[in-house]
Amino acid sequence: MLQILVSACLAGENCKWDGGNNRNEAVLEFMKKMEGKAQFHLVCPEQAGGLPTPRPASEIQSGDETVINTEGRNVTAEFLLGADFALREAKKYGCTMAILKDRSPSCGTKEVYDGTFTHTKRTGMGKTANLLSGYGIRVVGESELLALEEELSE
């Protein structure tokens, strides 16, 4: 059986920076379709790293890759702690892939916001996605779910 880590906000958990969630019907439908073929393990790296909900929004700074929030506080340590927690969870359950929140400073798989808080995106990975990927866990953003679903149904 496949073991898959999932960003908790995508499953509707209120762990997003503003206290809400990023509930994604396609992710929930995928989880339902995969019943009996996969087990899903929800994680919010930012909460696991000790950040409260709600919390100031954070972005990864271009250049030195530190994570700074809108109050100017360096929260890199909390993001790295949360990434480490997600990796431990993935290892505990034998996860080989993760479905993560696009553009998140924790979970972005292809691009993140550039650290200027102007909604400008740049190529890069969030702290958790980068760590998981480095340990051989396949990371997929929710925008890539359709391709993943087609691949797994072959």
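Here, the structure is the one placed above.
Residues numbered from 1 in each chain as written. Predicted model: local features only at pLDDT ≥ 70, side-chain atom pairs only at ≥ 80, totals over all residues. Heavy atoms only, no water.

1. Thoughts on the overall build of the chain
Scanning the chain from N- to C-terminus turns up five helices and eight strands. Taking 154 residues into account, the globule formula puts the C-alpha radius of gyration at 15 Å, and the chain, at 15 Å, falls close to it. Across its three principal directions, the C-alpha atoms of the chain cover 45 × 30 × 30 Å. In the chain, which comprises 154 residues, the proportion classed as buried is 47%. Taking the contacts inside the chain whose residues are at least 6 apart along the sequence as the reference set, 63% of them involve residues at least 24 apart. Accessible surface, the chain: about 7600 Å² in total, of which carbon and sulfur atoms supply 49%. Seen as two clouds, the 17 positive and the 22 negative side-chain charges of the chain have centres 2 Å apart. (Helix = DSSP H or I, 4+ residues; strand = E, 2+ residues; numbered from the N terminus. Rg over C-alpha atoms; globule rule 2.2 N^0.38 Å. Buried < 20%, exposed > 50% of the residue type's maximum accessible area, 1.4 Å probe, protein only. Contact = heavy atoms within 4.5 Å. Areas by Shrake-Rupley, 256 points an atom, 1.4 Å probe, with all protein chains shown as cover. Lys, Arg positive; Asp, Glu negative; His and termini not counted. Charge placed at Lys NZ, Arg CZ, Asp CG, Glu CD.)

2. Re unusual backbone geometry
As a rule of thumb, non-glycine residues mostly have phi less than zero, and peptide bonds are mostly trans rather than cis. The omega angle of the peptide bond from Thr53 to Pro54 is 0°, so this bond is cis rather than trans. Take Pro54: it is sitting in the loop between helix H2 (45-48) and strand E3 (58-60). A positive phi angle, close to 65°, is found at Arg103, a residue other than glycine. Locating Arg103 in the fold gives a position in the loop between strand E5 (97-100) and strand E6 (111-113). With a relative accessible area of 26%, Arg103 lands in the partly exposed category. At His119, a residue that is not glycine, the phi angle is positive and equals roughly 65°.

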